[in-house]
Amino acid sequence: MSQYESEIKRRRTFAIISHPDAGKTTLTEKFLLYGGAIAQAGVVKGKKNARAATSDWMEIEKQRGISVTSSVMQFQYEGFCINILDTPGHQDFSEDTYRTLMAADSAVMVIDAAKGVEAQTRKLFKVCRLRDIPIFTFINKMDREARDPFELCQELEHELGIDTYAVNWPIGCGKAFQGVYDRERRRIIHFTSNGGSKAATATEVSLDDPELANLIGQSYQNQLSDEIELLDGASCQFDMDRVRHGQLSPVFFGSALTNFGVEPFLEDFLRMTTAPLPRTAGDELIDSFDDGFSAFVFKIQANMNKAHRDRIAFMRVVSGKFEADKEVYHVQGGKKIKLSRPQQLMAAEREIIEEAYAGDIIGVFDPGIFSIGDTLCTAAHKFQFDPIPTFAPEHFRRVRPLDTMKRKQFLKGMEQIAQEGAIQIFKTPYSGMEEVIVGVVGTLQFDVLEYRLKNEYGVDLYAEGLPYEYLRWLHHEGEEPLRADDLTLPGDAMLVEDYRQNQLLLFASQWSINWTAERNKSVTLSEFGGAKF
Ligand SMILES: Nc1nc2c(ncn2[C@@H]2O[C@H](COP(=O)(O)OP(=O)(O)OP(=O)(O)O)[C@@H](O)[C@H]2O)c(=O)[nH]1
Ligand SMILES: [Mg+2]
């Protein structure tokens with residue numbers, strides 16, 4: 001195997017998804033700890049002076065103890081080069097989560113052991129299913145009172161319609177959670193805590209070791225042997241092929257807080273998950289081992305680092321090898337460019353790199369030329385990856401700066417945050433940009449906008465709610481943009497345009513959409529900006 005091939009083969013690129021608060025960021029932090037990328041694990045929302053979790057780097061994330069944007073981290077573990085994407089769980093940020101899933105080859109679904117399958121778990125699961133990517137389940141928070149593990153597995157199967165296979169099994173729960181039983185190797189991994197910020201001490205014994213009863217207690221030993229019998233009799237066979245196609249989810253138990261079960265999960269997961277998967281570009285399938293470099297942009301983020309105040313485009317390398325000094329072709333821009341200051345990321349920290357391989361997520365300095373979904377490839381072989389869809393916002397506000405002197409900063413901030421895809425912005429035709437209409441999928445996005453405008457651009461916002469709930473992209477045959485007079489509109493609809501001069505309509509009700517469609521046969525109204533899922 002060439003060095004090029006072995007570099008790609010050792011890459012693993014995955015996203016962590018779940019309902020809010022199940023423990024994604026905490027688990028990510030512990031992976032970094034076991035990978036040696038950090039010496040001491042931080043906490044999501046800590047006491048003053050406590051070290052914060054690496055991936056919740058944004059000020060608002062640290063304050064609220066929730067993730068509001070996805071975060072990219074690369075680390076090494078036992079020969080694997082791992083690109084991990086920690087996503088926000090809150091549904092208001094689900095568009096960011098969906099985009100991030102496009103860059104992943106598998107998903108780790110974290111489940112709170114006391115709560116089981118929750119609303120957002122179902123939604124995200126559906127998105128994974130659309131791409132048939134492998135889904136691994138980590139049942140977290142076993143250090144607290146948990147539901148019966150059999151019941152949890154059954155719930156996953158019934159609610160999500162996926163088969164499960166328990167790779168390991170918990171011994172006790174709550175304060176009595178002491179470790180996991182590894183079914184394949186028939187060994188018990190028993191943990192003692194060194195505090196959550198340090199790796200736990202693991203002791204391994206085989207199932208028939210006479211010392212076992214002393215180690216875990218007689219009653220737990222009895223319970224375990226009953227449960228093993230039940231498991232071996234009842235559960236379906238392990239089938240790697242079905243795992244790879246997202247039909248069977250391997251299930252693991254543990255506690256991201258105490259680190260119990262984190263390393264066994266990481267080891268098995270890395271062994272079972274795939275090397276970088278291909279992506280489609282129209283009729284073509286672009287394979288990771290193809291010679292030519294290609295990548296797509298799935299995320300843009302401004303002001304990650306206060307000292308730099310720049311904008312980073314995150315791209316997933318789909319095929320080949322990226323070399324810092326070589327030119328690449330930017331399809332949407334229609335020209336050859338050199339990617340400037342390519343970097344590998346550790347949340348907000350960066351390190352300039354000289355090369356990257358298929359599977360890697362890299363960040364490049366963006367002077368304002370990239371949009372989400374853009375393709376980069378070689379000039380010799382041009383193609384375009386399938387677009388990443390834009391969601392129709394459901395909440396709208398009219399905003400302007402409180403201080404009219406801050407207009408310039410206001411516009412810059414609004415445009416940059418909109419280009420990140422964190423909000424969508426519109427204006428009424430033939431008007432200036434004194435006022436901007438902001439659309440979001442969930443209202444927490446407004447909070448983030450307000451916070452970031454103040455924090456990053458020094459602008460206080462004046463906002464006024466608007467009664468619209470629906471947005472439709474407007475398409476028509478003519479060359480000239482439509483004027484409101486060209487359309488027959490109900491009283492509760494408004495014609496707007498986005499910053500790329502696409503025309504759209506805002507509606508207060510589904511009824512008005514139908515009414516408009518009926519009376520304006522020369523135009524079509526569509527629900528998604530890009531391709532549909
Ligand atoms: N007891 C216990 N608490 C945990 C565990 N894992 C995480 N937590 C706590 O659960 C809360 C949420 O953890 P996060 O890691 O922020 O969860 P998240 O899934 O990243 O949350 P969002 O990104 O906001 O959706 C924090 O207070 C954590 O300390 C665990 O294994 N046991
Ligand atoms: Mg989080």
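Residues numbered from 1 in each chain as written. Chains lettered and ligands numbered in written order. Predicted model: local features only at pLDDT ≥ 70, side-chain atom pairs only at ≥ 80, totals over all residues.

Chemist: Describe in detail the overall build of the protein, supporting the description with residues and values.
Modeler: A tally of helices and strands in the protein yields 13 helices and 31 strands. Its C-alpha atoms give the protein a radius of gyration of 25 Å, within 12% of the compact-globule value 24 Å for 533 residues. Judged by the C-alpha coordinates and their principal axes, the protein covers about 85 × 50 × 50 Å. Across the 533 residues of the protein, 44% fall into the buried class. Within the protein, contacts between residues at least 6 apart in sequence are counted, and of these 70% link residues at least 24 apart. (Helix = DSSP H or I, 4+ residues; strand = E, 2+ residues; numbered from the N terminus. Rg over C-alpha atoms; globule rule 2.2 N^0.38 Å. Buried ≥ 20, exposed ≤ 12 C-beta atoms within 10 Å, placed from the backbone. Contact = placed C-beta atoms within 7 Å.)

Chemist: Help me get a handle on the confidence of the model for the protein, residues and values and all.
Modeler: Across the protein, the average pLDDT comes to 90, with 97% of residues at 70 or higher. Element-level mean pLDDT values for the protein span from 81 in strand 19 (residues 343–346) up to 98 in strand 5 (residues 135–140). (pLDDT = per-residue confidence, 0-100.)

Chemist: I'd love a proper account of the pairing of strand 29 (residues 493–498), names of residues and values included.
Modeler: Judged from the two bridges that link them, strand 25 (residues 424–427) and strand 29 form a sheet pairing that is antiparallel. Each bridged residue has a counterpart across the sheet, and for F426 the counterpart in strand 29 is D498. Note that strand 29 and strand 30 (residues 503–507) share five bridges and pair antiparallel. Directly across from L495, in strand 30, lies its bridge partner L505. Between strand 29 and strand 30, which follow one another and run antiparallel, lie four residues, and Q501 among them has a positive phi close to 65°. (Pairing = 2+ DSSP bridges.)

Chemist: Pulling in residues and values, what's your account of the packing of helix 11 (residues 407–419) against helix 12 (residues 444–457)?
Modeler: Direction vectors running N to C along helix 11 and helix 12 enclose 125°, while the axes themselves pass 10 Å from each other. Between helix 11 and helix 12, the angle is such that the two are oblique. Viewed along their axes, helix 11 and helix 12 form a crossing whose handedness is right-handed. Contacts between helix 11 and helix 12 involve Q409, K412, G413 and I417 from the first element and L449, R452, L453, E456 and Y457 from the second. Partitioning the contact of helix 11 with helix 12 into residue classes produces four nonpolar, two polar and three charged. (Axes fitted to C-alpha atoms, helices over the stretch in contact; angles between N-to-C directions. Parallel < 35°, antiparallel > 145°, perpendicular 65-115°, else oblique. Left-handed = near helix turned anticlockwise from the far one by under 90°. Nonpolar A, V, L, I, M, F, W, Y, C, P; charged D, E, K, R; others polar.)

Chemist: Kindly report on the sheet that holds strand 10 (residues 201–206), identifying the contributing residues and their values.
Modeler: The antiparallel open sheet is built from four strands, whose spatial order is 7-8-9-10. Both outer strands of the open sheet, strand 7 (168–171) and strand 10, are each paired with one neighbouring strand and no more. Between one strand and the next, the sheet's axes are offset by a mean angle of 25°, whatever the strand orientation. Across four bridges, the pairing between strand 7 and strand 8 (residues 179–182) is antiparallel. Residue P170 lies in a different strand from strand 8, and its bridge partner there is V180.

Chemist: Give me the lowdown on the pairing of strand 24 (residues 395–401), citing residues and values where you can.
Modeler: One ladder, built from five bridges, connects strand 24 with strand 26 (residues 436–440); its direction is antiparallel. Looking across to strand 26, one finds that V399 is bridged to V436. In terms of strand pairing, strand 24 meets strand 27 (residues 461–465) through five bridges, oriented antiparallel. Counterpart to V399 in the pairing with strand 27 is A463.

Chemist: Residue-level account of the sheet that holds strand 26, with values.
Modeler: Strand order in the open sheet made by the eight strands is 27-24-26-25-29-30-28-31, with antiparallel pairing throughout. At either end of the open sheet lies a strand with only one pairing partner, and these are strand 27 and strand 31 (523–526). On average, each strand axis in the sheet is inclined to that of its neighbour by 40°, with strand direction left out of account. Its contacts with the sheet put helix 12 on strand 24, strand 26 and strand 27, and the angle it makes with strand 26 is roughly 130°.

Chemist: So what about the environment of E477? Which residues, and what values?
Modeler: Residue position: E477 is located in the loop between strand 28 (470–476) and strand 29. On the basis of neighbour counts, which here come to 7 C-beta atoms within 10 Å, the residue E477 falls in the exposed class. Taking the C-alpha atoms as reference, E477 lies 48 Å from A22; in sequence the two are 455 residues apart.

Chemist: Report on the nonpolar core, specifying residues and quantitative values.
Modeler: By size, the foremost hydrophobic cluster in this structure holds 99 residues, and its most contacted members are A107, V108, M109, I139, V297, M315 and V317. The residues contacting M315, other than those within four sequence positions of it, are A295, F296, V297, I362, V364 and L376. Within the second largest apolar cluster, 34 residues are counted, among which are F396, I437, A493 and F507. (Core = buried A, V, L, I, M, F, W, Y, C linked by C-beta atoms within 7 Å.)

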